[in-house]
Amino acid sequence: MPRPIILASASAIRGTLLTNAGLAIEQQDARVDEEALREGLAAEEAPPRDVADALAEAKARKISLRHPAAMVIGCDQVLEFGKKIMTKPADPDAARAQLRALRGQTHRLLSAAVIYEDGQPVWRHVGQVRLTMRSFSDAYLEDYVTRNWDSIRHSVGAYKLEEEGVRLFAAVQGDYFTTLGLPLIEMLNFLSIRGDIAA
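In what follows, the accompanying structure is described. (Residues numbered from 1 in each chain as written. Predicted model: local features only at pLDDT ≥ 70, side-chain atom pairs only at ≥ 80, totals over all residues. Heavy atoms only, no water.)

### Brief notes about the pairing of strand S5 (residues 106-117)
Counted only if it meets this: Type-normalised accessible area, obtained with a 1.4 Å probe on protein chains alone, sets the label of each residue: buried when under 20%, exposed when over 50%, and partly exposed for intermediate values. Numbering of helices and strands runs from the N terminus; a helix is a DSSP stretch of H or I covering at least four residues, while a strand is a stretch of E covering at least two. Two strands form a pair only when DSSP identifies at least two bridges running between them.
Within S5, 10 of the 12 residues are buried, which leaves it mostly tucked inside the rest of the structure. With 10 bridges joining them, strand S3 (residues 71-81) and S5 adopt antiparallel strand pairing. Bridge assignment links Met-71 to a residue of S5, and that residue is Glu-117. Both S5 and strand S6 (residues 120-133) contribute to a ladder of 12 bridges, which runs antiparallel. When the bridges of S6 are listed, Arg-108 appears paired with Arg-130. Linkage of S5 to S6, two consecutive antiparallel strands, is achieved through a turn of two residues, within which Asp-118 is found at a positive phi near 55°.

Right, here's the structure in full:
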C-alpha cells in the first residue's frame, strides 16, 4: 500500500501544483519558526542555498515525526540578491522598497524540497532560477503594490510570477515550477524512478 503524502505547507500554489500533477496529498502547516532559523543560519554565514534547504528540511522533519508512516514533503523558497536574502515584505512600503531594489537587476530564486519518511530524509533538491526585472516606472510600481498587496505579502520579493507580477520581468532563466516554489520535475522523476507513482 502506498504511503500517504503530506505537504508540510499551507501554500496554495504548491498544493495545486502537486494535485494537478495527479498526486493525492494532504496539507499540514508545519509552523516552524522560520525567522529564528534564518537568523541562526545567517549568524553561521550559511549560503542562501543552504538556508532554503534547511528551512525545507525543518518543515518536513516536524511533520514526519508526527506522521512517520507518511511521505512528507517540506519546501521553502529564498530570494538571493547581492549575496543577501530577501524575505516576505512586512508592509506595502517594504514591498515597494524591495521592488525598487530589484528593478532593472537580476536576482536568484532558490526553491528547496526535502522528502522525509520515518523521520529521516530520503531525497532533497534545490532548484535555481535567475530572474531579471525590467525598468518599470514608479507609477506602475505604486499601482502594482496597491492592487496586489493582499497576495504579494505572502511572497519573497513582493511578486508572484503566476499573477500580475509576470509584468515586472524582462527575462526568466530556469524552470517555471521552481519559480513558483517547488522543483516539481525533479521530485516527480524521483518518485517515478522509485516506484511511488506510475511511470
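### Looking at the nonpolar core
Filter applied, for reference: Here, the term nonpolar core denotes a set of buried Ala, Val, Leu, Ile, Met, Phe, Trp, Tyr and Cys residues that are joined through side-chain atoms within 4.5 Å. Residues count as neighbours in contact if any of their non-hydrogen atoms are within 4.5 Å of one another.
Membership of the largest hydrophobic core comes to 22 residues, with the highest contact counts inside it found for Leu-99, Met-133, Tyr-144, Tyr-159 and Leu-168. Only helix H4 (92-102), S6 and helix H5 (138-152) provide two or more residues apiece to this core. Among the elements that line this core, the one with the most residues is H5, at six residues. In this structure Met-133 touches Leu-99, Leu-102, Arg-103, Gly-104, Gln-105, His-107, Tyr-159, Leu-168, Phe-169 and Ala-170, once residues within four positions along its chain are discounted.

### A few points about the pattern of salt bridges
Note the following rule: The rule for a salt bridge is simple: a side-chain nitrogen of Lys or Arg has to be within 4 Å of a carboxyl oxygen of Asp or Glu.
Taken as a whole, this structure holds 16 salt bridges when the rule is applied. Between Arg-96 and Asp-93 there is a salt bridge whose closest N-O contact spans 2.7 Å. Note that Arg-96 and Asp-93 are positioned in helix H4 at a spacing of three residues, about one turn of the helix. On the accessibility criterion, Arg-96 (13% relative accessible area) is buried. Put simply, Asp-138 and Arg-103 hold a salt bridge, and the shortest N to O gap is 2.7 Å. With Asp-138 in helix H5 and Arg-103 in the loop between H4 and S5, this residue pair connects regions lying 35 residues apart in the sequence. Under the relative-accessibility criterion, Arg-103 is labelled partly exposed at 22%. Connected through shared salt-bridge partners, Arg-3, Glu-117, Asp-118, Arg-194 and Asp-196 make up one network.

### Notes on the pairing of S6
In this structure, S6 lies alongside strand S7 (residues 169-173), joined through four bridges in antiparallel fashion. Considered in S7, the bridge of Leu-131 is made with Val-172.

### Notes on the environment of Gly-40
One can find Gly-40 in helix H2 (residues 34-43). Along the chain, Gly-40 and Gly-22 lie 18 residues apart, while their C-alpha atoms are 37 Å from each other.

### A few points about unusual backbone geometry
Positive phi outside glycine occurs at Arg-31, with the angle close to 50°. Relative to the assigned elements, Arg-31 resides in the loop between strand S2 (25-27) and H2. A positive phi is found at Asp-118, a non-glycine position, where the angle reads about 55°. You can call Asp-118 partly exposed: its relative accessible area is 48%.

### Notes on H5
Convention followed: How far a helix is expected to stretch is found by multiplying one less than its residue total by 1.5 Å. Bend is the name given here to the angle between axes fitted to two runs of seven residues, the run ending at a residue and the run starting at it.
Helix length check: H5, at 15 residues, gives a terminal C-alpha distance of 17 Å against a target of 21 Å (1.5 Å per residue), a shortfall beyond 12%. Of all the bends in H5, the greatest measures close to 45° and is centred on Thr-146. Along its buried surface, H5 packs onto H4.

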